Each structure stands twice: as C-alpha cells, then as structure tokens.
Amino acid sequence: NWLADNADDAKSWYLLGHSHLKQSNFSQAAQAFANTNALVENDISVKFYWLQSRYMANKGVLDATSKSLAEEILKVDPTNDSVLEILAIAAISEGESATAIRLLNQSLSGLRDARRQVATIQAIGTLRETLSPAPQGISVEVSASAEVAAQVDKTATIFVVARPIGGGMPYAAVRRPAALMPFSVRIGDLVGMSDTRKLSSAEDLEIMVRLSASGVAQAQEGDWVWRSQPFTGNKPSKEPIQAVLAPSAD
C-alpha cells in the first residue's frame with residue numbers, strides 16, 4: 001500500500017523484494033528488485049538479489065537479462081562465487097564443460113567454506129573427464145616433505161602457476177587450500193590468465209608452486225616456493241611433475 005503512493009521509495013522496494021524472496025515468490029521478488037535497481041545507482045547487492053530472483057523464477061535458466069546482470073556483478077566482484085557457480089551451472093546445461101571449468105576454477109578464489117571448496121574441485125575433475133579430446137596441459141602433484149608437513153598452516157593457500165622462465169605474467173594459474181595436500185592439479189589453457197596468452201603457445205616456461213599464509217597472489221615474506229626445471233621448445237613433461245614444498249631459503 002505504501003509503494004502504491006510512494007513508487008520512488010527504493011528502500012521499500014528492496015525490503016519488499018526480500019519479503020517475496022523469503023516466501024519463494026520469485027517473480028514478484030524479481031520485479032521488486034528490478035524497481036529498486038531502477039532507483040539506485042549501480043548497487044551490486046541489488047543486482048545480485050535481482051539475478052538470484054530471476055534465476056529462481058526461471059527455474060535455473062539464465063536469459064539474456066540475467067546473463068547481463070551476472071556480467072555487471074563480475075566486473076565489480078570478479079570472484080563472486082555465487083554468481084560464478086550460477087554461470088557454471090548454466091554452461092553445463094548448455095554442454096559447455098570447458099567454460100564451466102574456467103568459471104568454477106575462478107570461483108575458488110572467493111570460496112572460503114572448506115566443504116564447498118572440495119565439492120567445487122571434485123566438480124572440476126568430473127567435468128574434465130567429459131572433455132574429448134582431453135585438452136593439453138601439465139599435471140602437477142603437490143605435497144610437503146614429511147619432516148615439514150606438520151608446519152603447514154591448513155588455512156594457507158597454494159598457488160600453482162605456469163609462467164615464463166624466471167618470472168613474468170603467468171600463462172595459467174590455479175589456487176587450492178593447503179588443507180587438501182597432497183593433491184593433483186592440471187595446468188592448461190582452461191585455467192589460462194588470458195585468451196590471447198595461452199600456455200599451449202608458450203615456447204619456454206616453468207612451473208612455480210607457492211604456499212601463501214596470507215592467501216594473496218603476490219609474493220610475501222615467509223611464503224614457501226618450489227620451482228620446476230625450465231621447459232623449452234613447448235615440450236613440457238608428459239609425466240606428472242612432483243612439487244614437494246618446504247620452507248624457502250629466499
């Protein structure tokens with residue numbers, strides 16, 4: 001009744017949207033959040049709830065408007081795991097397993113719940129098995145030496161990176177919780193940093209594995225670092241690379 005006479009009250013539209021969402025009135029919620037979005041300037045939380053409502057109202061199908069909302073959110077929050085998972089599910093339903101793998105790998109940067117991390121990593125592994133032919137890449141088995149395994153902070157993050165020899169902009173990278181060690185990852189174009197800078201086209205590269213207590217992608221004092229031997233001539237090892245982490249000397 002209030003909004004019938006005060007249609008420009010963005011806060012009330014927002015509250016009404018949440019009321020409808022809690023009652024599973026998804027179409028009404030989507031309309032309320034759409035009205036809110038029209039009255040406020042680029043509020044990511046409003047866009048997220050609008051996307052969520054539309055997604056539920058359409059029974060898990062993303063239309064053009066929903067995809068546009070997802071892209072707008074990711075421009076501001078590129079590691080929004082909820083949005084990335086929605087896009088990944090849509091990609092799976094459309095038979096785009098490679099796209100789903102990229103999105104799920106990206107979502108791991110924003111995930112903090114250990115169970116969801118494990119479930120996402122398992123989903124990535126399952127999706128890889130559906131790809132034919134299997135994409136090129138390098139398998140890396142990450143572990144810690146027995147004498148220092150007890151020193152590993154289980155809340156730390158491990159980055160596995162394929163990069164030019166000696167450093168530089170990575171070709172591809174993945175991140176995993178240290179608590180999952182030992183584990184195996186596959187580095188390739190599916191986890192590339194850029195569509196124009198592919199690992200499959202690199203002539204010279206090395207694999208760098210870094211354990212970061214801070215979880216920050218940039219190197220920090222106290223990180224544990226392991227580096228592979230250089231690969232040249234675009235001929236990386238066909239056998240899995242054994243990366244055994246230990247406290248770094250440098």
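Going by the structure above, here's the rest.
Residues numbered from 1 in each chain as written. Predicted model: local features only at pLDDT ≥ 70, side-chain atom pairs only at ≥ 80, totals over all residues. Heavy atoms only, no water.

Novice: How would you sum up the nonpolar core? Please name residues and give values.
Specialist: The biggest cluster of nonpolar side chains holds 32 residues, and the ones touching the most others in it are Trp50, Leu51, Leu62, Ile73, Val83, Leu87 and Ile101. When contributions to this core are tallied by element, the ones reaching two or more residues are helix H3 (26-39), helix H4 (44-57), helix H5 (64-76), helix H6 (81-93), helix H7 (97-107) and helix H8 (114-130). Among the elements that line this core, the one with the most residues is H6, at seven residues. In contact with Leu87, not counting residues within four places along its chain, are Leu62, Ala70, Leu74 and Leu103. Membership of the second largest hydrophobic core comes to 31 residues, among which are Val140, Val191, Leu199 and Ile207. (Core = buried A, V, L, I, M, F, W, Y, C linked by side-chain atoms within 4.5 Å. Buried < 20%, exposed > 50% of the residue type's maximum accessible area, 1.4 Å probe, protein only. Helix = DSSP H or I, 4+ residues; strand = E, 2+ residues; numbered from the N terminus. Contact = heavy atoms within 4.5 Å.)

Novice: Break down the pattern of salt bridges for me, citing the residues and quoting the values.
Specialist: Using the criterion set out here, one finds seven salt bridges in the structure. Here Asp81 and Arg116 are joined by a salt bridge, their closest N and O atoms 2.9 Å apart. Of this pair, Asp81 sits in helix H6 while Arg116 is found in helix H8, placing the two residues 35 residues apart along the sequence. With a relative accessible area of 14%, Asp81 lands in the buried category. Look at the salt bridges and you will find they share partners, linking Asp81, Glu85 and Arg116 into a network. (Salt bridge = Lys/Arg side-chain N within 4 Å of Asp/Glu carboxyl O.)

Novice: An account of H4 is requested, with residue identities and associated values reported.
Specialist: Compared with the 20 Å implied by 1.5 Å per residue over 14 residues, the 20 Å span of H4 between its first and last C-alpha is a close match. Inspection of H4 places Ile44, Val46, Lys47, Phe48, Trp50, Leu51, Ser53, Arg54 and Tyr55 among the buried residues, and these make up the whole buried set. The elements touched by buried residues of H4 are helix H2 (10-22), H3, H5 and H6. Trailing H4 by a residue or two, Lys59 shows a phi angle of about 55°, which is positive. (Expected span 1.5 Å × (residues − 1).)

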